[in-house]
There are 2 protein chains.
Amino acid sequence: MGRLARVNLWSGKVRYESLPEEVLRKWVGGRGLGVYIMLREVDPRVDPLSPSNKAVVATGPLTGVAGVPSAGRWASVTKSPLTNTIHDSQSGGKFGPELKFAGLDAIIIEDSSEKPVYLWVKDGRVEVRDATHLWGKDVHHTEDMLREELAPEVGRDEAGKIKVACIGPAGEHLVKFAAIMNDKNRAAGRGGHGAVWGSKKLKAIAVIGHDKPKVAKPDRFKEAVVKAMDKLKKNSVTAEALPKLGTAVLVNIINKAGILPTKNFSTGVFPAADTISGERLAKEFVDWEKQREEICWGCPIGCARYTRVEKSPFTGEGGGPEYETIWAFGAQTGTDSLEAICKANYLCNELGLDTISMGHTIGTLMELVEMGKVPKEALRGLNAKWGSPEALVELVWRTAMRSGIGDDLAEGALRLATKYGAPEVAMVVRGQELPAYDPRGVQGHGLAYATSNRGGCHLRAYMISPEVLGLPQLVDRFKTEGKPAMVKHFQDVSATVDSLIVCKFTTFALWAEDFADMLSAVTGVDYSPSDIEVVGERIYNAERAFNVMSFGDGREYDTLPKRLLEVPMPEGPAKGQVVKLDEMLDEYYRVRGWKDGRPTREKLEELGLRWVAERLAEEGLLP
Amino acid sequence: MGRLARVNLWSGKVRYESLPEEVLRKWVGGRGLGVYIMLREVDPRVDPLSPSNKAVVATGPLTGVAGVPSAGRWASVTKSPLTNTIHDSQSGGKFGPELKFAGLDAIIIEDSSEKPVYLWVKDGRVEVRDATHLWGKDVHHTEDMLREELAPEVGRDEAGKIKVACIGPAGEHLVKFAAIMNDKNRAAGRGGHGAVWGSKKLKAIAVIGHDKPKVAKPDRFKEAVVKAMDKLKKNSVTAEALPKLGTAVLVNIINKAGILPTKNFSTGVFPAADTISGERLAKEFVDWEKQREEICWGCPIGCARYTRVEKSPFTGEGGGPEYETIWAFGAQTGTDSLEAICKANYLCNELGLDTISMGHTIGTLMELVEMGKVPKEALRGLNAKWGSPEALVELVWRTAMRSGIGDDLAEGALRLATKYGAPEVAMVVRGQELPAYDPRGVQGHGLAYATSNRGGCHLRAYMISPEVLGLPQLVDRFKTEGKPAMVKHFQDVSATVDSLIVCKFTTFALWAEDFADMLSAVTGVDYSPSDIEVVGERIYNAERAFNVMSFGDGREYDTLPKRLLEVPMPEGPAKGQVVKLDEMLDEYYRVRGWKDGRPTREKLEELGLRWVAERLAEEGLLP
């Protein structure tokens, strides 16, 4: 535990370092470790696409540990070109565990290469290799080519074991929401991490390893794992809904709650929800044989899908689509063609694009078109009105290539809407496009959006769980009382979950005590449930401090688009609602120990972050 | 007359030279001049995508001369990466005349730049400028951006006068049939000249000029022009068919002749021809207002189209499609969706692809798919069976980006078919995909294909004119007698037409004497009709000599795919026919004064090409 490789792309040199015990204890791994490294080593004011930005690839202490449920994940941490915030993106599949088997907890990628390169990680050794021949290749092609060319070095039989994370043309073209893809269809999607790799001319990381991670206390581990698995098996979401219908199970649920954002958040009810539902996907599109191959390493839930469209003109096949993707290309654009949604999704995976930001931004364009803000010539005859299925597919191509209007879409919803004179239609927080829940019908979720350090995100504190799904128990979604403390609690625990790393879908059944048990058993260091929360709180404060130094983050950024604060939901079960952010924000700051959206010296010192407090003080940024 | 700029992209230096009177007299301009420069300066064995290849951009003595009908053209000459032959590609629009107004007859582009550059040609001065910001941009976007950034240098009012030729993403990605585009929708399409620019990192040439070319003998000129215009006005093709229906008028005509190549030349009858006809295009798709803007400089024919597709899912608009394009994406692939054909055509223009090779190669893929030669995974679920409209659009994107199977398509039909184990289905001559006429029903046209120096081409000797259209008079298309001499005559006159440069569509009404008249009047040098033919013969022999030195061109290359030589046309008016090449080839060599497909010393000396004969002799390549 605690080994990292530092790769300088300018010099091509690789150095190996050990992480101090204390750092691991305080930051755990994954997101936490990445945030720590970024905060310590990178000037928060750095241009995210300049060589001085760094890109951290990290696993966590539970990643790849056999028995831990859904621990097949890895994290990318960098400063985002989309949001200018510190940013982590998590991804499943099989790449993360393989990196762990290679004996690396993290890779720090520094500077930029002049020529395209990839990293070849074999049993703990990292090599920088020429990738000129891979530049321009799409994601699937890149993975196939790398496996093919590396096969002789590991033997034909082992070639299948090589795992690849890479960027596609979108990352090369510095699309602000380009993803890092791994195992072909898995995405560290949000925030444009793919563009950061692209700016560094880093095309891919290929990895193979043979060391299985050790468990410090096997007996305690066994007990913890049995308990966790039992809970997962008894939980209706992790044992039934997700395996059967995948994340797309949410389409009908969220629509029935009246919070499925439709036509760029103009309403929360999408009449054609059933046509794009998980139920229909499972019945008509899923290839159940190939679906099994898509499941993440060591996951008992298995929510992954593999689908196929056989009906012209959107024929294709591939991994996904997830709920968020179906929403982004579907309800958000008013499109009811599940075929076109699937096709757009396949192309995002192949070209390396975040499906949420992509679909969301197409919806933004459609609203701009409806408003008459987009000159006719810019569209070159494409029907980009609400509900146009062909717009989904064509705009994915155009964005990845920055062709025509795609050059504007590639900058994300906020810059697009600003360019065409209507920034108010950008449904973003800190420049990141909001995902698939209209917060007007879920007050806590609205607060979570507004205070998300990485910008508009459902994964920092998935308040949909208590507010809509009733897990662990149902709370009144229209009320604001008690929500600030809940959001803080969810944000903190989630930050640790992203550091362990286990999949957030386990949190429908597991919580701090379960994670504390497993983490203690694996590392041999005792963590209590409250330690789990404190680690997360530390991460959340560190992130916010980074943002404060980056762009003066604070109260004015802890907000939502006016539409969600001022325009009542026009119909459905959430009719008449707006997000009552004012009722929650001060209370949120109080429970956080923040002032006006910024961490105080007291809070930072309490979390062992005096060095961060001193930096803020030096720059006059302490509240 | 006779001024050229020599641009070295490695050093960024520009030199200006004068062409000797003698060179102009012998090679005229355009294609002829380019061939002369290539033959004199470039090793015929050069790798076409290496810095040592050169790219010549040339106008001709009639280009941009007010009054000359259809003289808005320019030529690109280089060694083709598709065919390894010497290769010229001609294009209309407005770029050619503007280059002439800038006082340049040619630009020789040498070596390669390290960073993307463009050339800014202003009133005779050429400047090499950084084009990093343009790299990756599509054709339309590039032209708009260049005009925008150059506007301050010429004044807002004059910005519209700036003309641009450029490559799109396809050229940057070295697609073997990437085009050089100008005036957005005009293509120097065939042979991959766009890839040559891409390999040199030359993104564009922008030009503005103010010198109108002078006419040496105004009275004689006036007389010649009036006569030519009169002939054009009285000709049914140039006065009626082309203005009314564009080149697409040919769809029904050629189908009725039973020589519309269908499903990769498996038959010559396409049942859905009417659905993709020029008549339907004119009635349902053409935007007549915008059509007027598309017409080439100084053209009384005006065959250009501007069309719009309003029906989902292929919504779009743009220049074209031409007859060849409609055929390539339509009959060749078995697709009857004129909407999909138009859309694929728009995208080719925007991405910088030759529509003939693109559509043709998709047809090749479809035959390979039908044969079961293409692994399922390679298609990623795309329906690539005969007639699939979505395949057209997706494969254009994929080819331009070299994404997935597009990486194979980007290599052209021959390499594609070879990779998938069936080279015999590549319907090519010298590696260039055959265009829109099945030669089994037109013997002379078959000989023209087989002996085309630049590979499969309908424009070296458009035998369709006498053999099908009856211009200047009808000859029996199924007979071989007399065809060799006719083909030679057509090849030679056409080579001069490409050097003047006037549009080949004038040749439906005009011929050697008309061109001799106009050329003599403009230059003041007397050319007889037979001089016109001799210039062309010189060019044709020079080209062949280049090819002989490049790859040993000769009899074994003067052939056609076996399907056309051995498999009788299965149905329709040409039923039972094959190309009887054996009956024509020896006679062709005799009238050419060649032996086994190679120019003899005698012929070369007769044409004033002793220096070429000596080179061939030195290398043991004289027959």
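Residues numbered from 1 in each chain as written. Chains lettered and ligands numbered in written order. Predicted model: local features only at pLDDT ≥ 70, side-chain atom pairs only at ≥ 80, totals over all residues. Heavy atoms only, no water.

1. Some remarks on the overall build of chain A
Phase 1 of the analysis: What chain A contains, in helices and strands, is 28 helices and 18 strands.
Phase 2 of the analysis: Against the 2.2 N^0.38 benchmark of 25 Å for 623 residues, chain A shows a C-alpha radius of gyration of 22 Å, consistent with a compact globule.
Phase 3 of the analysis: In terms of principal-axis extent, the alpha carbons of chain A reach across some 55 × 55 × 50 Å.
Phase 4 of the analysis: Taken across its 623 residues, chain A has 68% of its residues classed as buried.
Phase 5 of the analysis: Sequence-distant contacts, at least 24 apart, represent 71% of the contacts inside chain A between residues at least 6 apart. (Helix = DSSP H or I, 4+ residues; strand = E, 2+ residues; numbered from the N terminus. Rg over C-alpha atoms; globule rule 2.2 N^0.38 Å. Buried < 20%, exposed > 50% of the residue type's maximum accessible area, 1.4 Å probe, protein only. Contact = heavy atoms within 4.5 Å.)

2. Concerning the pattern of salt bridges
Phase 1 of the analysis: Following the criterion strictly, the structure yields 134 salt bridges over all chains and no others.
Phase 2 of the analysis: Of the charged contacts in the structure, one is a salt bridge between Arg398 of chain A and Glu394 of chain A, with a shortest N-O distance of 3.0 Å. Of the two residues, Arg398 of chain A and Glu394 of chain A both sit in helix H17 (residues 389–401), four residues apart, roughly one turn of that helix. Glu394 of chain A matches Arg398 of chain A in its accessibility class, with the two residues each being buried.
Phase 3 of the analysis: Across the pair Glu143 of chain B and Arg147 of chain B runs a salt bridge whose closest N-O atoms are separated by 2.9 Å. One end of the pair, Glu143 of chain B, and the other, Arg147 of chain B, are both in helix H4 (residues 139–154), four residues apart, so they sit about a helical turn from each other. (Salt bridge = Lys/Arg side-chain N within 4 Å of Asp/Glu carboxyl O.)

3. Examining the packing of helix H15 (residues 355–370) of chain A against H17 of chain A
Residues and elements named next belong to chain A.
Phase 1 of the analysis: Contact geometry for H15 and H17: axes closest at 10 Å, N-to-C directions at 110°. Judged on the interaxial angle alone, H17 and H15 are roughly perpendicular. Handedness of the H15/H17 crossing: right-handed. Along its contact with H15, which presents Met358, Ile362, Leu365 and Met366, the element H17 presents Ala391, Leu392, Leu395, Val396 and Thr399.
Phase 2 of the analysis: Here the contact of H15 with H17 is built from residues that sort into eight nonpolar, one polar and no charged. (Axes fitted to C-alpha atoms, helices over the stretch in contact; angles between N-to-C directions. Parallel < 35°, antiparallel > 145°, perpendicular 65-115°, else oblique. Left-handed = near helix turned anticlockwise from the far one by under 90°. Nonpolar A, V, L, I, M, F, W, Y, C, P; charged D, E, K, R; others polar.)

4. With respect to the relation of the copies chain B and chain A
Phase 1 of the analysis: Turning chain B through 180° and shifting it by 0.0 Å along the axis lays it on chain A, with an RMSD of 0.0 Å. The two molecules are tied by a two-fold rotation axis, judged by turn and shift. (Least-squares fit on C-alpha atoms with pLDDT ≥ 70 in both.)

5. Observations regarding the interface of chain B and chain A
How big an interface is tends to be stated in terms of the accessible area lost upon association of its parts.
Phase 1 of the analysis: The partner chain A presents 34 residues to the 34 residues of chain B that form the contact.
Phase 2 of the analysis: Carbon and sulfur atoms make up 46% of the area that chain B and chain A hide from each other, which totals about 2700 Å².
Phase 3 of the analysis: For chain B, the biggest contributors to the area lost against chain A are Arg380, Trp397 and Met401 of chain B; these three give 26% of the whole.
Phase 4 of the analysis: Counting across the chain B and chain A interface gives 12 salt bridges.
Phase 5 of the analysis: The salt bridge partner of Arg380 of chain B is Glu350 of chain A, with a shortest N-O separation of 2.5 Å.
Phase 6 of the analysis: In this structure, the connection of chain B to chain A is made through 25 residue pairs in polar contact (both at pLDDT 80 or more).
Phase 7 of the analysis: Its residues assigned to classes, the side of chain B that touches chain A comprises 11 nonpolar, 10 polar and 13 charged. (Buried area = accessible area lost by both parts, 1.4 Å probe. Polar contact = N/O pair within 3.5 Å; in protein donor to acceptor, adjacent residues only side chain to side chain.)

6. Some remarks on the pairing of strand S3 (residues 55–58) of chain A
Residues and elements named next belong to chain A.
Phase 1 of the analysis: On S3, burial covers both faces: Ala55 and Val57 on one face and Val56 and Ala58 on the other are all buried.
Phase 2 of the analysis: Pairing analysis gives four bridges linking S3 to strand S4 (residues 74–79), with the strands arranged antiparallel. Looking at the pairing, Val57 lines up with Ser76 of S4.
Phase 3 of the analysis: Note that S3 and strand S6 (residues 106–110) share four bridges and pair antiparallel. Across the sheet, residue Ala58 finds its bridge partner in S6, namely Ala106. (Pairing = 2+ DSSP bridges.)

7. As for the pairing of strand S2 (residues 14–18) of chain A
A regular strand places its side chains so that they alternate between the two faces of the sheet.
Residues and elements named next belong to chain A.
Phase 1 of the analysis: With five bridges joining them, strand S1 (residues 3–8) and S2 adopt antiparallel strand pairing. For Ala5, the partnering residue across the bridge sits in S2 and is Tyr16.
Phase 2 of the analysis: Following S1, the chain reverses through five residues before pairing antiparallel with S2; Gly12 in that reversal takes a positive phi of roughly 80°.

8. Details of the environment of Pro271 of chain B
Phase 1 of the analysis: For Pro271 of chain B, the position within the fold is in the loop between helix H10 (250–256) and helix H11 (278–284).
Phase 2 of the analysis: What makes Pro271 of chain B exposed here is its relative accessible area of 79%.

9. Regarding the sheet that holds strand S8 (residues 125–130) of chain A
All names here are of chain A.
Phase 1 of the analysis: Within the open sheet, the six strands sit side by side as S8-S7-S12-S9-S10-S11. Their pairing is mixed. Each edge of the sheet is formed by a strand with only one pairing partner; in this case those strands are S8 and strand S11 (186–188). Put simply, the sheet's adjacent strands are angled 20° from each other on average, direction ignored.
Phase 2 of the analysis: In terms of strand pairing, strand S9 (residues 163–166) meets strand S12 (residues 202–208) through four bridges, oriented antiparallel. When the bridges of S12 are listed, Cys166 appears paired with Ala204.
Phase 3 of the analysis: Along the sheet, helix H4 (residues 139–154) makes contact with strand S7 (117–122), S8, S9, strand S10 (180–182) and S12, crossing S7 at roughly 50°.

10. Thoughts on the confidence of the model for chain A
Phase 1 of the analysis: Predicted confidence across chain A gives a mean pLDDT of 97, with 100% of residues reaching 70 or more.
Phase 2 of the analysis: The ipTM for the predicted assembly is 0.94, set against a pTM of 0.96. (pLDDT = per-residue confidence, 0-100.)

11. A few points about the sheet that holds strand S1 (residues 3–8) of chain B
Sheet strands pair via backbone hydrogen bonds, and the direction of the pair is either parallel or antiparallel.
All names here are of chain B.
Phase 1 of the analysis: Pairing is mixed in the open sheet, where six strands are placed in the order S2-S1-S6-S3-S4-S5. Of all strands in the sheet, those bounded by a partner on one side alone are strand S2 (14–18) and strand S5 (86–91). Averaged over all pairs of adjacent strands, the angle between their axes in this sheet comes to 20°, without regard to strand direction.
Phase 2 of the analysis: In the packing of helix H2 (residues 30–41) onto the sheet, the strands contacted are S1, strand S3 (55–58), strand S4 (74–79), S5 and strand S6 (106–110), and the crossing angle to S4 comes to about 25°.
Phase 3 of the analysis: Across the sheet, helix H24 (residues 529–551) is in contact with S4 and S5; its angle to S5 comes to roughly 135°.

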